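# Secondary and tertiary structure notes
Listed below, chain by chain, are the residues.
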Amino acid sequence: MILRKMAVVLLGLSVLLSGCSPDAARDNHSQREDTVNISADANADRKVDNTESTVTDVMPADAGASEVMKEGQGGTAAEENAAGMDIADASQDEGNKIIELIPMKQLPDLTMAPQKPFTLEEAAAFGTHMLTPVYHETFRYQIREFTKHPARLVIDIGNTGNEPLVITDENMWYSILDYEGNEIAGSKLQGAPVSIAPGEIKRVVLTAQNPDAGLVFLELGGLSYTLDEPMFFPVLDDALDVDDTSPYYKYGFTINDDNGEPFIISMHPMQVIGNGRAKMVGCGLMVVENERIGPVDKGDGFLALVKVRIANTSDEVMTIDRLITSGGGLWVDFTEEDMALLGEKGLPYTIEPFTIVEGWVPFRVRDGRDGHGIAFYTSHGGFQLGDLQTYPIFEK
């Protein structure tokens, strides 16, 4: 399962980074059709070759993983667009008017409308889904709250089966072990047993006495997997935030794009990544009611923005040469002109030496079946914030 999940994640990252050299055409919106279709070359008849990409600092994938990556990269531009990838239309941009962000009061309610069930692989592939529901054959759920200190999970569960769904401490529980392997979570399902009738949705609350508990086991409808508390909690010498301009060399792993450029990848909110010349962190997330932010429209989903903080830890000016957002079937270059639409909330594309900047970057959220990420081509190296669908709604 771990290897399959890693293969799917790396496939998503490879698609986001495929063909994205900073020298690609991107001077104005009229060139978007060439630049945002980043999983295929501008020549739609040419197959994308991703066999040169390398990955370091990750668990070795099994033989099937490489085949998945190759197969996923092989479609033409027309085939990928037909499969649901949208091309941003410059004619619908907001112009030069500063966009007022309209925060969404809460995520859309879980409904019992017919939905195609997730496979177990789909449910687990992109981590704990915090922005969208997860659908199974006999039940579905939407996470509403998932925290540490206190350890608390609030989750809406709908019964789509024909029999009552009874949830006890044996179906859903927190787990954390001491150094001797003893369970010390003190998990408690509030109001257990919780019975959910067919066609009914109930809010379920799970707590743990141990505030450090962050792993929940879920065994429902014949399925068994885990939910991970989404926030990144640093240990030992890991930095907590980008709060100074000292050099930093920490990352989960790297992946090379088609041109051999290494990208340092963050997969968690509040996880700092750095290469010595610059460091970056995703330090907030909000969902909004806005229909469009520049070239990023909500389509059949909604819009979210991640707050990014970047520190230039060098004595040279740092520039963002290309910024690509991916999510909900939309891949798009988000230019400096687009960022200006956010006014003071936008992320600067120029960062002076030993300076820290921050700003919001938008992306589309759809049905949870695709990953969400932002790739940064900069003068100081490549960075990516991945798995944005696992970010809770928060601001730091």
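Cut-offs used in this document
The numbering scheme is per chain: residues are counted from 1 as the chain's sequence reads. At least 70 in pLDDT is required for a residue's local features to be given in this predicted model, at least 80 for side-chain atom pairs to be given and counted, and no such filter applies to totals for whole chains, interfaces and linings, which use all residues. Each side-chain value is derived from all of the structure's non-hydrogen atoms; neither hydrogens nor water enter the calculation. A pairing counts as a salt bridge when a side-chain nitrogen of Lys or Arg comes within 4 Å of a carboxyl oxygen of Asp or Glu. Exposed residues in this analysis have more than 50% of their type's maximum accessible area, buried residues have under 20%, and partly exposed residues fall in between, with area computed by a 1.4 Å probe over protein chains only. Here a strand is any run of E in DSSP of at least two residues, a helix any run of H or I of at least four, and the numbering for each starts at the N terminus. Among the buried residues, those of types Ala, Val, Leu, Ile, Met, Phe, Trp, Tyr and Cys that are joined through side-chain atoms within 4.5 Å form a nonpolar core. Working rule for contacts: check all heavy atoms of both residues, and any pair within 4.5 Å makes them a contact. Confidence per residue, as judged by the predictor, is encoded in pLDDT with a range of 0 to 100. By the criterion applied in these results, polar contacts are pairs of N or O atoms within 3.5 Å in which, for protein atoms, one can donate a hydrogen and the other can accept it, and in which residues neighboring in sequence qualify only through two side-chain atoms. Geometry of aromatic contacts follows a simple scheme: Phe, Tyr and Trp rings, the Trp one being its six-membered ring, pair when their centres are within 6.5 Å, and the pair is stacked under 30 degrees between planes, edge-to-face over 60, tilted otherwise. Between any two strands, at least two bridges found by DSSP are needed for them to pair. Every axis in this analysis is a line fitted to C-alpha atoms, fitted for helices over the stretch in contact. Angles between the N-to-C directions lie between 0 and 180 degrees.

### Quick notes on the pattern of salt bridges
All told, the structure shown has 16 salt bridges when counted by the stated rule. Note that E291 and K298 form a salt bridge whose closest N and O atoms lie 3.3 Å from each other. Look at K298 and you get partly exposed, because its relative accessible area is 24%. Here K307 makes a salt bridge to E395, at a shortest N to O gap of 3.4 Å. Of this pair, K307 sits in strand β18 (residues 302–312) while E395 sits in strand β25 (residues 394–395), placing them 88 residues apart in sequence. Accessibility expressed as a relative area gives 8% for K307, which makes it buried. Salt bridges sharing common partners tie together D241, K307, R309, E358 and E395.

### Focus: the nonpolar core
Core analysis: the largest hydrophobic core is formed by 55 residues, its most contacted members being V306, V308, I310, L323, L347 and F376. Those elements that provide at least two residues to this core are β15 (278–288), β18, β19 (318–327), β20 (330–333), β22 (355–365), β23 (373–378) and β24 (381–385). Ignoring any residue separated from it by four or fewer positions in sequence, one finds L323 in contact with V332, D333, F334, M339, L347, Y349, V361, I374, A375 and F376. Residues Y135, I196, V204 and L227 belong to the second largest nonpolar core, which totals 30 residues.

### Describing the confidence of the model for the protein
When pLDDT is averaged along the protein, the result is 80, and 76% of the positions lie at 70 or above. Low pLDDT (under 50) marks residues 1–11, which in the prediction has 25 contacts with non-local residues, meaning those over four places away or in another chain. Here residues 87–94 is modelled with pLDDT under 50, and outside its nearest four sequence neighbours on either side it reaches 22 contacts, counting other chains as well.

### Here we look at the side chain of T378
Relative to the helices and strands, T378 resides in strand β23. Within the local environment of T378, its side chain forms a polar contact with the backbone oxygen of G381, the two atoms lying 2.6 Å apart. Not counting the four nearest positions on each side in its chain, T378 is found in contact with M318, T319, I320, D321 and F383.

### Regarding the packing of aromatic side chains
On inspection of all chains with the given rule, the structure shows five aromatic pairs. Seen in terms of ring centroids, F263 and Y377 are 4.5 Å apart; in terms of plane orientation they differ by 75°. Their pairing is edge-to-face. Here F263, found in strand β13 (residues 262–266), pairs with Y377, found in strand β23; they are 114 residues apart in sequence, far enough to count as distant. For the residue pair F263 and Y377, the accessibility class agrees, reading buried in each case.

### Focus on the pairing of β18
β18 sits mainly inside the fold: 11 of its 11 residues count as buried. Both faces of β18 are covered, namely the face carrying F302, A304, V306, V308, I310 and N312 and the face carrying L303, L305, K307, R309 and A311. The sheet contact formed by β15 and β18 spans nine bridges and is antiparallel. Counted as the bridge partner of L285 is V306 from β18. Here β18 runs beside β22; their pairing, made up of 11 bridges, is antiparallel. Looking across to β22, one finds that K307 is bridged to W360.

### As for the sheet that holds strand β11 (residues 223–228)
Strand order in the open sheet formed by three strands is β6-β10-β11, and the pairing between neighbours is antiparallel. Where the open sheet ends on each side, the last strands, each with one partner, are β6 (172–175) and β11. This sheet shows a mean twist of 25° between the axes of neighbouring strands, independent of strand direction. Both β6 and strand β10 (residues 215–220) contribute to a ladder of four bridges, which runs antiparallel. When the bridges of β10 are listed, W173 appears paired with F217.

### Considering the sheet that holds strand β9 (residues 201–208)
Whether parallel or antiparallel, the strands of a sheet pair through hydrogen bonds between backbone atoms. With antiparallel pairing, five strands are arranged side by side in an open sheet as β2-β3-β4-β9-β7. At either end of the open sheet lies a strand with only one pairing partner, and these are β2 (134–135) and β7 (187–189). Examined bridge by bridge, strand β4 (residues 151–159) and β9 share eight bridges and lie antiparallel to one another. Each residue of the ladder has a partner; that of D156, found in β9, is R203.

### Thoughts on unusual backbone geometry
The general pattern is negative phi for most residues beyond glycine and trans for most peptide bonds. The peptide bond linking H149 to P150 adopts the cis configuration, its omega dihedral lying at 10°. Within the secondary structure, P150 is located in the loop between β3 (139–147) and β4. Cis geometry marks the peptide bond from A192 to P193; its omega dihedral reads -5°. Here P193 lies in the loop between β7 and β8 (194–196). Of note, the phi angle at H149 is positive, near 50°, even though the residue is not glycine. Tracing the chain through its elements places H149 in the loop between β3 and β4. Despite not being glycine, M270 has its phi angle at roughly 70°, a positive value. With respect to the helices, strands and loops of the structure, M270 is situated in the loop between β13 and β14 (273–274).

### What about the pairing of β13?
Among the five residues of β13, four are classified as buried, and the element is accordingly described as predominantly covered. Both strand β12 (residues 253–256) and β13 contribute to a ladder of four bridges, which runs antiparallel. Residue pairing in the sheet places N256 in a bridge with P262 of β13. Taking the residues that link successive antiparallel strands as the turn, the β12-β13 hairpin has five residues, and the phi of G260 there is positive, at about 80°.

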